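Single-letter residue listing:
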Amino acid sequence: MGQTEKRGRLITDKLLYTAIIILVYLAGRAVPLYGVDISAYADMSGNAQILLVQTISGDVNRYSLFALGISPYMISSILVQIMVSCKNAGSRVRISPGKTGRMQMGMTLAFASVQAVLHVHELKFRQVSAAAVPFLKGMAAIEMVTGVMIILWLSSRNKRYGLGGQTALIYVNILDGILGTLSRNSLSRLALPLGIAAVVMVIMIVMESGEKRIPVQRISIHNIYGDKNYLAIKMNPMGVMPVMFSTAFFMVPQFLVLGLSLLFPDNTDVAWWKENLTLIKPLGIVVYILILYVLTISFSMIFISPSDIADQFLKSGDSIMNLHAGRDTRRYLSGQICRIGFASATVMSICLGIPMFLQLKGTVDKSLVMFPASIMMMTSIWYNLYQEFLAVKSYDSYKPFI
């Protein structure tokens, strides 16, 4: 079999595997929890809160086997990343992938259990005797935790054998939301959201393809290309990953307030926080945007890691132009990454915030408020999937020496 045939077969196999994973995921989304009254959700309309949660859950009404989506996994994965990054280089080397995986699995199970116990109180069950309600809630909680573990397994398998990892499942949720929005609304109602979405799409493509180039002096290069070396940092360093993680982390205070409301049902302060800590209220929008800023800058510092880059320069003898290796390089890179992360968060916050605040004034319908955000996330994910597809297509493209 020639190299071209091998590359074509590799891409076909990966696409086919991802398609199978998506079909299994869609089937799980269609399986309702035991005892849930599906008819009670028939007339429910979407708002910013529901539609944004759909990106990580897929189940708009959140009564299916995959009601919790991947939010427990997202929260646990970033916490594990933070824990590992806080250790020094020597300690990080001693942490095996197996240990990291077990930590992440345990935290995912813990978060999923807590979220399931709290979420069952919001589900609408069929009319049964009072004695049967605890049983139905217990069964629903177990099913939701099981659904999270199934999604985790599907994501890991797709990451290993398919394309896109967990992003492929999120992409399905976003695409489902966009198609549903387009089918339910007329063109006149979609005019303003479509205009905003078009601008957002252009902005995201520019940010995803743009990069800041920091000149680097390489001691191993002594030719005409010595002045053309640089350290590239994307203008949108983490893509829309902070947006999706912000959704998961925004649910944490919501679940805390929900838990407090169950413990103190007559407390007016708790009731006020429960009512206002949503994306259809100014407080909830501001809290969400603040979380987005924190996560965007934090993710940029963690995953790009100016300390690791500075240490690599120090060991290799390379350096940034006109800067001493070591502390000066680390400070310079930290400042650059913080500024880039802040700019990225500002652009995404504007793209997300404008439709949300227009919703408060009634300019944009509540069922359309997340349409521009969905287009923004889909554009970023599509761009990165396209880059991954090109990388797979170019796999083993060089001819062997012998």
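Residues numbered from 1 in each chain as written. Predicted model: local features only at pLDDT ≥ 70, side-chain atom pairs only at ≥ 80, totals over all residues. Heavy atoms only, no water.

Peer 1: If you had to explain the packing of helix α9 (residues 241-263) against helix α10 (residues 268-276) to someone new, which residues and values would you point to?
Peer 2: Direction vectors running N to C along α9 and α10 enclose 145°, while the axes themselves pass 9 Å from each other. Note on packing geometry: the crossing formed by α9 with α10 is left-handed. In this structure, α9 uses V257, L258, L260 and S261 to contact α10, whose residues at the interface are V270, W273 and K274. Tallied by class, residues from the contact of α9 with α10 come to five nonpolar, one polar and one charged. (Axes fitted to C-alpha atoms, helices over the stretch in contact; angles between N-to-C directions. Helix = DSSP H or I, 4+ residues; strand = E, 2+ residues; numbered from the N terminus. Left-handed = near helix turned anticlockwise from the far one by under 90°. Contact = heavy atoms within 4.5 Å. Nonpolar A, V, L, I, M, F, W, Y, C, P; charged D, E, K, R; others polar.)

Peer 1: So what about the nonpolar core? Which residues, and what values?
Peer 2: Grouped together as the largest cluster of nonpolar side chains are 52 residues, with contacts concentrated most on V240, V243, L352 and M376. Broken down by element, this core gets its largest block of residues, eight residues, from helix α11 (residues 282-304). Every residue in contact with V240, bar those within four places of it in the chain, is listed here: M204, M348, M376, M377, S380 and I381. Counting residues in hydrophobic clusters, the runner-up holds 17 residues, among them Y63, A112, V120 and L123. (Core = buried A, V, L, I, M, F, W, Y, C linked by side-chain atoms within 4.5 Å. Buried < 20%, exposed > 50% of the residue type's maximum accessible area, 1.4 Å probe, protein only.)

Peer 1: Pulling in residues and values, what's your account of the sheet that holds strand β3 (residues 319-320)?
Peer 2: The strand order across the open sheet built from three strands is β2-β1-β3, with neighbouring strands paired in antiparallel fashion. The two strands at the open ends of the sheet, each matched to only one other strand, are β2 (230-234) and β3. Judged from the two bridges that link them, strand β1 (residues 211-217) and β3 form a sheet pairing that is antiparallel. Across the sheet, the residue bridging to V216 is I320, located in β3. Those strands touched by helix α13 (residues 327-361) are β1, β2 and β3, and its axis lies near 170° from that of β1. (Pairing = 2+ DSSP bridges.)

Peer 1: Go over the packing of aromatic side chains, please, and point to the residues and values.
Peer 2: Scanning the model with the defined rule gives seven aromatic pairs in all. Ring centres of Y17 and Y161 lie 5.4 Å apart, and the angle between their planes is 55°; this geometry places the pair in the tilted category. Residue Y17 is located in helix α1 (residues 3-29), and its partner Y161 is located in helix α6 (residues 133-161); the two are separated by 144 residues in the primary sequence. Centre to centre, the rings of Y293 and F342 are 5.3 Å apart; their planes meet at 50°, and the pair counts as tilted. (Phe/Tyr/Trp six-rings, centres within 6.5 Å; stacked < 30°, edge-to-face > 60°.)

Peer 1: Please set out the pattern of salt bridges residue by residue, giving values where relevant.
Peer 2: Under the counting rule described, the total for this entry stands at two salt bridges. Here K234 makes a salt bridge to E208, at a shortest N to O gap of 2.7 Å. Linking K234 in strand β2 with E208 in helix α8 (residues 187-209), this pair joins segments that are 26 residues apart in sequence. The salt bridge partner of E211 is R213, with a shortest N-O separation of 2.9 Å. Under the relative-accessibility criterion, E211 is labelled partly exposed at 34%. (Salt bridge = Lys/Arg side-chain N within 4 Å of Asp/Glu carboxyl O.)

Taken by themselves, the reported measurements are silent on function.
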